[in-house]
Structure formats: structure tokens, C-alpha cells
Amino acid sequence: MSVEQISPILPTVSRALLEDWLRAMRGHCPEPQLETFVEQIGLARNAQPGARVTHDQIVHFYQLVAGETGDEMLGLWSRPIRAGALKHLCASVRGASSLSAALYRFTSFWNLLLDDFELELRHEGEATQILLKPRGTGEARRFGHMLLLKLAHGIASWLTGRELPLLQVGFAFERPEFAEDYPVLFPAPILFGQAWSSIAFSGDLGELPLSRSEAEMQDFLARAPRDWIFTSFREHALPLRLRELLLQADRLDFHLKDAAQAVNLTPRTLIRRLDGEGTSFQAIKDGLRRDIALRDLSRGIKSIEAIAQDIGFASAANFHRAFRRWTGQTPGAYQKAAAP
């Protein structure tokens, strides 16, 4: 039986990314309220360090916090971004004549709202960049910078009707321990320790026409941040491309030499390229196995034995050991905790 999906197998992110978000929010929300939010999305506050967070949980968490606090940027900036701000932003950019004009409106909008940072739209050579510059000595909150740049990419992609490739994303902070999560969020090479956080689009995209109706805007807002916080672009990063190739194989029966041939590289070059991105073919394969298992266990439709077989384990015992290594829990414990 193939692991062909009824729905996409979206990559999960590490619990460390969520913890970074929670740390940034502690000045905005009391600790008991944060704990309630975490429990409402089905995560234990004292979860194992290896625990994973799903796309649905991230979306639910954003919606809970934004709804309860009235801040659409979740307390990540020096002043609240009150409810309705994103609606006005979308209405403004929707009326632009081109993507370049929409990005100008995007930066102008945020410069009216933010006190601690300003956005600069810069055209340089073949790139159109949005730079996030501090107005004073404001600290770069990692999750805030990530979310604002991801919003720029998400709105630009929504306006043009397709996920746009990016030339580069840079962050004004050092590489965090959860850096492997960033390629799941951005279709681009990612740099850390930069002078400013920034996102760079190809300059030839600037004249793309825009066409979004009022009804489409309302749907985009109602689903927020589902359509823009994770990336679905499959060609930008070698790890995600290999993940897609694995998904097409029966029981993930796809090996390094097969992968190298599919991406027109030698096995040695593929190993070196993946090492440069901080991963390996086995890590990508295990990550996909983990995400399929998390999805199927949370649905409660298949037995643990069937899930183990579907993702290529010779026995349920081997699957149990691997799952504990990935998440710090047994499959049975996870399934019980995820049950509605």
C-alpha cells in the first residue's frame, strides 16, 4: 500500500519554535493564559523537547491568541496591532495595479503602525527587497520578524494567485537551535546574523498583475494564517523536493541513489549539499515518516501496526522505538492524547 495522501502531509515544526513564540509573548499574556492556549491546541505545557507541532496547531494557536488578546500580531511588537488591521491591509494591497505597487502599500501600511521598526522597500539590481530596520535600539524578536516577513510573502503570493519564489530571506539574529524549521516556512535560502531582517523577491515579478475579489479576501482573512504561515512551494529547497519524491514512493521505499538520480546529482554531491543545509537524506526520510505517523495517529483511523507498515517499518516494535526517539512519546500515548 502506498502512502499516497488523501490530504497533504504538511511538515511539522519543532516544539522549540513554539517555545520561542511563547517566550516573546510573555510580556503580553499572563503565564496562566499562555498555558490555557497551549492546552487548547492539544499540547502539554511540559511536553518532551522532541515534541512536534502541526500546521493545524500553529493556525489554531494564532487564532486563539489574536482573538483573545485583540492583537493580530500577538504582542510581538511595541504596540498592539488591533483587530481589523489585517483586513485594512488586504483591502489596500488588493487595489494595487501590480505586485510592486502592492509591496509599496504593504511597507507604507506597517510604517504607520510600528514604532520600533520601519520597513524599507528597496529595488537593487534583479531584486526587490523589504528590509526591517530598527528605529532605535529595539531588540529583534525572532518570531515577530519571521511572522512579518512571512506575511509579506503570503500576501504577495495570495495577490498573484501562486506561491512566489524568493531569492533570499535574512534575519538580524544568530542561527537558532531550531533553524531547520525555517525552510518549512520560506521558499528561499535563509541567512542569519544579518544587519537587518529582510525578504527578497525577484525584480521581474514586480509587474505581475493582481486580481482578487472581495469574497476571496474575506476567505483569506477567515483562514488566517493558514494560507501564508507555511510554504507549499516544492522546488525551492532540496530537502522539501526530496520529501516530495519520497511521498511518491510505495511505503517510502526510495533510497539515496534513487534520490540523487532524480535530482541529477551524484550520491556524494547530494550528501554534501544536504550536509550544507544541516540535514541528511535519512533525516528527511525520518521527518516524513514522523509527520505521516503524527497525522494518522491523531486521526485514530488506522492501527499502530498499519501505520508502521505504511511508512516502511519492518515491525511495530521498530516503529515504537523510532517514534519515541522522534517525539519522546510512544505511539499509543500520542494517539490517546490526540484523541478528540
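Note: the structure precedes this text.
Throughout this description, residue numbers start from 1 for each chain and increase along the sequence as written. Local features in this predicted model are restricted to residues whose pLDDT is 70 or higher, and side-chain atom pairs enter the listing and the counts only when it is 80 or higher, whereas totals over whole chains, interfaces and linings include all residues. Only hydrogens and water are set aside; all other atoms, that is, all heavy atoms of the structure, feed into the side-chain values.

Caption draft 1: Molecular detail of the environment of Arg 52. Checked against the element boundaries, Arg 52 lands in strand S2 (residues 52-53). For Arg 52, a relative accessible area of 12% puts it in the buried group. The spatial distance from the C-alpha of Arg 52 to the C-alpha of Arg 79 is 30 Å, given a sequence separation of 27 residues. Between two residues, a contact is recorded if the distance between any of their heavy atoms is within 4.5 Å. Excluding its chain neighbours within four sequence positions, the residues that come into contact with Arg 52 are Thr 12, Val 13, Ser 14, Leu 43, Gln 57, Glu 180, Asp 181, Arg 290 and Leu 294. The definition of a polar contact used here is a pair of N or O atoms within 3.5 Å, where within protein one atom must be able to donate a hydrogen and the other to accept one, and adjacent residues in sequence count solely through side-chain atom pairs. A polar contact of 3.0 Å, which involves the side chain of Arg 52, links it to the side chain of Thr 12. Put simply, DSSP marks the helices as runs of H or I at least four residues long and the strands as runs of E at least two long, and each gets a number from the N terminus on. Buried, partly exposed and exposed residues are distinguished by accessible area as a fraction of the type maximum, computed with a 1.4 Å probe on protein chains only: under 20%, between the cut-offs, and over 50%, respectively.

Caption draft 2: Summary view of the side chain of Asp 310. In this structure, Asp 310 sits in helix H13 (residues 304-310). Assessed through its relative accessible area of 5%, Asp 310 is described here as buried. Of note is the side chain of Asp 310, whose polar atom sits 2.6 Å from the side chain of Lys 302.

Caption draft 3: Just the packing of helix H4 (residues 85-94) against helix H8 (residues 214-223), in detail. Interaxial angle, 0 to 180 degrees, is taken between N-to-C directions of lines fitted to C-alpha atoms, where a helix line uses only the stretch in contact. For the pair H4 and H8, interaxial distance at closest approach is 11 Å and the crossing angle is 145 degrees. Read as a crossing pair, H4 and H8 show a hand that is right-handed. Residue-level inspection shows Leu 86, Lys 87, Cys 90, Ala 91 and Arg 94 of H4 in contact with H8, the latter providing Glu 214, Met 217, Gln 218, Phe 220 and Leu 221. Taken together, the residues of the contact of H4 with H8 break down into six nonpolar, one polar and three charged. Handedness of a crossing follows from how the near helix is turned relative to the far one, being left-handed for an anticlockwise turn of less than a right angle and right-handed for a clockwise one. Note that Gly is not counted as nonpolar here; it falls among the polar residues with everything else outside the nonpolar set of Ala, Val, Leu, Ile, Met, Phe, Trp, Tyr, Cys and Pro and the charged set of Asp, Glu, Lys and Arg.

Caption draft 4: How the structure looks around the pattern of salt bridges. The term salt bridge refers to a pairing of a side-chain nitrogen on Lys or Arg with a carboxyl oxygen on Asp or Glu at a separation within 4 Å. A complete count under the given rule lists 20 salt bridges for this structure. Of the charged contacts in the structure, one is a salt bridge between Arg 226 and Asp 56, with a shortest N-O distance of 2.8 Å. Taken together, the residues span a long stretch of sequence, with Arg 226 in the loop between H8 and helix H9 (238-247) and Asp 56 in helix H3 (residues 55-69) at a distance of 170 residues. Residue Asp 56 is classed as partly exposed on the basis of its relative accessible area, which comes to 48%. For Asp 286, the salt bridge identified is with Arg 289, shortest N-O distance 3.7 Å. With Asp 286 and Arg 289 both in helix H12 (residues 281-299) and three residues apart, the pair spans about one turn of that helix.

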